Amino acid sequence: DQLVGERVLGGLLDLGDFVRRQEVDQIVVALPSDAESRILELRKSLMRFPVDIGLAPGPLSYALDTSRSTVIDGVPVIELGRRPITGWQYILKRLMDLTIASAACLLAAPLMLLIAALIKLDSPGPVLFRQKRYGFNNKLIDVFKFRTMYVDQQDDHAARLATLDDPRITRVGAFLRRWSMDELPQLLNVIGGQMSLVGPRPHATLAKAADTLYTELLDDYASRHRVKPGITGLAQVRGWRGETDTHEKLIKRLECDLEYIDSWGLMLDIRIMLRTVWSVIEGENAR
């Protein structure tokens with residue numbers, strides 16, 4: 001297929017896979033000015049991607065409450081959305097992640113070896129639990145945790161989320177969850193670049209709020225994947241952790257995640273990390 005001399009690569013339904021596969025930085029919407037509902041629909045759909053979004057302007061541009069514009073190949077483009085963390089911001093965040101995560105791994109190495117030994121003594125099975133979760137740009141990543149459940153009762157996709165006094169959790173596992181120490185192996189995810197120290201928590205593929213899949217409950221859910229997931233985040237330090245047994249709890253988490261993305265800064269990350277340490281010291285229950 002050809003469009004004004006250019007090869008058509010697919011439709012809107014193909015865009016998600018294309019963005020993730022090709023690591024796209026910018027999307028420009030070029031539709032007739034009278035296609036207002038279609039443009040607004042596209043804007044809502046595209047906001048879930050970690051890309052800059054532009055509109056070749058027409059009369060609708062005056063109703064979108066934006067004054068940012070640029071020129072691409074001689075065509076004026078109105079900005080509809082932008083990547084949350086780019087350029088030097090990304091480099092500084094990555095440097096902070098590597099520095100702190102590497103130092104934390106070295107300092108916590110004796111503790112992690114002790115935890116590994118206790119897990120092996122408490123119940124048969126591997127020390128680490130690997131789970132597929134949604135990461136940056138909605139890609140699936142392997143997230144590491146210390147195993148806290150009996151091997152024959154593990155839930156690889158989190159179709160049934162853990163609850164307080166869950167019988168699937170081992171004695172050592174309950175202690176690790178109580179003090180959030182089961183998350184320590186995720187420092188390796190941070191060093192490997194799949195996660196950040198601070199960001200929206202990564203969710204498992206079948207995670208539910210009440211009986212509804214996260215992805216089906218909220219239209220803006222995928223927008224939280226415009227940044228790397230974190231070991232801790234704004235939602236966690238505000239108390240929106242633990243069981244998502246109601247829709248409201250997930251909605252509050254998402255509101256915090258989107259607020260974090262929209263107001264990101266290094267000082268915000270530092271404040272969240274300090275508040276996380278204090279929360280652990282106070283002994284707040286993990287999710």
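Quick summary incoming for the structure in this document. Because the structure is predicted, anything quoted here is derived from the model rather than measured.

Here we look at the pairing of strand β3 (residues 26-29)
Here β3 shows one buried face, formed by Ile27 and Val29, and one open face, formed by Gln26 and Val28. Note that β3 and strand β4 (residues 52-55) share four bridges and pair parallel. The partner of Val29 across the bridge, within β4, is Leu55.

With respect to helix α2 (residues 36-46)
All buried positions along α2 are accounted for by Ile39, Leu42 and Leu46. Taken around the axis of α2, the buried residues stretch over an arc of 60 degrees, which confines them to a single face. Along α2, the residues that are exposed and aim more than 90 degrees away from the buried face are Ser37 and Lys44. Looking at the buried positions of α2, the neighbouring elements they touch are α1 (12-22), β3 and β4.

A short note on the packing of aromatic side chains
Taken as a whole and judged by the stated rule, the model has one aromatic pair. Aromatic side chains Tyr214 and Tyr221 sit 6.1 Å apart centroid to centroid with 55 degrees between the ring planes, which places their arrangement in the tilted category. With relative accessibility at 4%, the residue Tyr214 sits in the buried group. The exposure class of Tyr221 is buried, given its relative accessible area of 3%.

Regarding the pattern of salt bridges
All chains considered together, the criterion is met by ten salt bridges. For Asp142, the salt bridge identified is with Lys132, shortest N-O distance 3.1 Å. One end of the pair, Asp142, is in strand β8 (residues 140-146); the other, Lys132, is in strand β7 (residues 128-134), and ten residues separate them in sequence. On the basis of relative accessibility, which here comes to 25%, the residue Asp142 falls in the partly exposed class.

A closer look at the packing of helix α3 (residues 87-122) against helix α9 (residues 266-282)
Running from N to C, α3 and α9 point in directions that differ by 30 degrees, and their axes come no closer than 10 Å. As far as their axial angle goes, α9 and α3 are roughly parallel. Judged by the sense of rotation from one axis to the other, the crossing of α3 with α9 is right-handed. The residues of α9 that touch α3, namely those facing Leu92, Lys93, Met96 and Ile100, are Leu266, Asp269, Ile270 and Met273. In terms of residue class, the contact of α3 with α9 is built from six nonpolar, no polar and two charged.

The rules behind the values
Residues numbered from 1 in each chain as written. Predicted model: local features only at pLDDT ≥ 70, side-chain atom pairs only at ≥ 80, totals over all residues. Heavy atoms only, no water. Buried < 20%, exposed > 50% of the residue type's maximum accessible area, 1.4 Å probe, protein only. Helix = DSSP H or I, 4+ residues; strand = E, 2+ residues; numbered from the N terminus. Pairing = 2+ DSSP bridges. Arc of directions from axis to C-beta. Contact = heavy atoms within 4.5 Å. Phe/Tyr/Trp six-rings, centres within 6.5 Å; stacked < 30°, edge-to-face > 60°. Salt bridge = Lys/Arg side-chain N within 4 Å of Asp/Glu carboxyl O. Axes fitted to C-alpha atoms, helices over the stretch in contact; angles between N-to-C directions. Parallel < 35°, antiparallel > 145°, perpendicular 65-115°, else oblique. Left-handed = near helix turned anticlockwise from the far one by under 90°. Nonpolar A, V, L, I, M, F, W, Y, C, P; charged D, E, K, R; others polar.

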